[in-house]
Amino acid sequence: MERREELREIAGQLRRYLDDLAAFEGRQFPLPPSVGEAKRPPAAAAALAEFRRQICECTCCPLGKSRKNFVFGSGSPEADIMFIGEAPGAEEDRQGLPFVGAAGQLLTKIIEAMQLQREDVFICNVLKCRPPNNRDPQPGEIESCEPYLKRQIQIVRPRIICTLGRFATQALLKTSESMGRLRGRLHEYEGTPVIATYHPAALLRNPQWKRATWEDMKKLRLEYDGVVL
Ligand code: URA
């Protein structure tokens, strides 16, 4: 009898695990009516466009000379959710848009699995220009680009921020803690809740981290509007 109970419990866990994976791999759900409703005046769009105009020729650090395109960010200027990555890669540099390469396609899948669309959120990076050969961002580059991210957050005023990977998380939260310690709890950036999760590029290399990432996304959605994924 006890054995049977144990098996039933294991079967339940497996069911939940498979449901999570199915959702993560892009199952579509109808949007609750409240999601995507404009909540701020269109001034945010004008302010963001003006800010972009002001900074898009930036040469404050050497990356300003090697880049093809300045990658400001994309999505809704009134987004409730902001995703912040590390820095543009080759494809992002080529197109001038964030997260449009292989990692970006996975990020889009994650957003859709959260019952959202890319257009509903705002996506940007800590660095606005591509580090050559995708090397790690250097402290001086992060320092000189940081005011841009700060201003973007002030204009968009997201209700929740999701940092993607160690660099973005450490840069925003001003910490040197590992992802292992940063994941799984709620942080705060100037009054806005922050959830840290793995970078989609890391998920491509380590698919076994997808499960944990999906747990983070469920937490994000619950914290944001109470929707249980
Ligand atoms: N990785 C990032 O951190 N940002 C991008 O825009 C693309 C890949």
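Residues numbered from 1 in each chain as written. Predicted model: local features only at pLDDT ≥ 70, side-chain atom pairs only at ≥ 80, totals over all residues.

Caption draft 1: Highlighting helix 10 (residues 210–225). In this model, helix 10 (16 residues) spans 22 Å end to end at C-alpha, consistent with the 22 Å of a helix rising 1.5 Å per residue. Regarding helix 10, the residues found buried are Thr213, Trp214, Met217, Leu220 and Arg221. The arc that holds every buried residue of helix 10, seen down its axis, measures 115°, which confines them to one face. Exposed positions of helix 10 whose direction lies more than 90 degrees from the buried face are Arg211 and Leu222. (Helix = DSSP H or I, 4+ residues; strand = E, 2+ residues; numbered from the N terminus. Expected span 1.5 Å × (residues − 1). Buried ≥ 20, exposed ≤ 12 C-beta atoms within 10 Å, placed from the backbone. Arc of directions from axis to C-beta.)

Caption draft 2: The confidence of the model for the protein, seen in detail. The predicted model of the protein has a mean per-residue pLDDT of 90, with 86% of residues at 70 or higher. Predicted confidence is poor over residues 27–38, with pLDDT under 50, and the contacts of this stretch with residues over four places away or in other chains come to 13 contacts. (pLDDT = per-residue confidence, 0-100. Contact = placed C-beta atoms within 7 Å.)

Caption draft 3: Spotlight on the nonpolar core. With 46 residues, the main nonpolar core has Met82, Phe83, Ile84, Val121, Val126 and Cys162 as its most contacted residues. Among the secondary structure elements, those contributing two or more residues to this core are strand 2 (81–85), helix 5 (102–113), strand 3 (122–125), helix 6 (139–156), strand 4 (160–164), helix 7 (166–173), strand 6 (192–197) and helix 10. Top contributing element to this core by residue count: helix 6, with six residues. (Core = buried A, V, L, I, M, F, W, Y, C linked by C-beta atoms within 7 Å.)

Caption draft 4: Local environment of the site of the ligand. In the region of the ligand, 13 residues are neighbours, and Gly85, Glu86, Gly89, Glu92 and Pro98 sit closest. Split by residue class, the shell around the ligand holds six nonpolar, five polar and two charged. (Near = placed C-beta within 6 Å. Nonpolar A, V, L, I, M, F, W, Y, C, P; charged D, E, K, R; others polar.)

Caption draft 5: Seen up close, the environment of Gln117. When you line up the elements, Gln117 lands in the loop between helix 5 and strand 3. With 15 C-beta atoms counted inside 10 Å, the residue Gln117 sits in the partly exposed group. Considering only alpha carbons, one finds Gln117 and Gly75, 42 residues apart in sequence, at a separation of 9.6 Å. Discounting residues that sit within four places of it in the chain, Gln117 has contacts with Ile111 and Glu112.

Caption draft 6: Just the environment of Ile111, in detail. For Ile111, the location among the structural elements is in helix 5. On a C-alpha basis, the gap between Ile111 and Phe83 in space is 9.8 Å, while along the polypeptide they are 28 residues apart. Excluding its chain neighbours within four sequence positions, the residues that come into contact with Ile111 are Leu116, Gln117, Arg118 and Val121.

Caption draft 7: Spotlight on unusual backbone geometry. At Gln115, a residue that is not glycine, the phi angle is positive and equals roughly 65°. In this structure, Gln115 sits in the loop between helix 5 and strand 3. Since 18 C-beta atoms lie within 10 Å of it, Gln115 is described here as partly exposed. In this structure, Asn133 is a non-glycine residue whose phi angle is positive, near 55°.

Caption draft 8: Structural context of the sheet that holds strand 6. What the six strands build is an open sheet, ordered 1-3-2-4-6-5; its pairing is mixed. Two strands in the sheet have a free side with no partner beyond their single neighbour: strand 1 (74–75) and strand 5 (186–189). (Pairing = 2+ DSSP bridges.)

Caption draft 9: The packing of helix 2 (residues 43–55) against helix 6, seen in detail. Packing of helix 2 against helix 6 brings their axes to within 9 Å, and their N-to-C directions diverge by 165°. When the axes of helix 2 and helix 6 are compared, the pair comes out roughly antiparallel. Relative to helix 6, the crossing made by helix 2 is right-handed. When helix 2 is examined against helix 6, the residues Ala44, Ala47, Leu48, Phe51 and Ile55 are found in contact with a partner set consisting of Tyr148, Arg151, Ile155 and Val156. (Axes fitted to C-alpha atoms, helices over the stretch in contact; angles between N-to-C directions. Parallel < 35°, antiparallel > 145°, perpendicular 65-115°, else oblique. Left-handed = near helix turned anticlockwise from the far one by under 90°.)

Caption draft 10: A look at the pairing of strand 3. Because side chains alternate across strand 3, one face comprises the buried residues Phe122 and Cys124, and the other comprises Ile123 and Asn125, equally buried. One ladder, built from two bridges, connects strand 1 with strand 3; its direction is antiparallel. Following the sheet pairing, Ser74 is matched in strand 3 by Ile123. Pairing of strand 2 with strand 3 involves four bridges; the strand directions are parallel. From the neighbouring strand, Ile84 faces strand 3, where its bridge partner is Cys124.

Caption draft 11: Inspection of the environment of Glu86 at higher detail. Relative to the helices and strands, Glu86 is located in the loop between strand 2 and helix 4 (90–95). With 81 residues separating them along the chain, Glu86 and Phe167 place their C-alpha atoms 5.9 Å apart. Those residues in contact with Glu86 that sit more than four places away from it in its chain are Asn125, Val126, Leu127, Pro137, Gly165, Phe167, Ala168 and His199.

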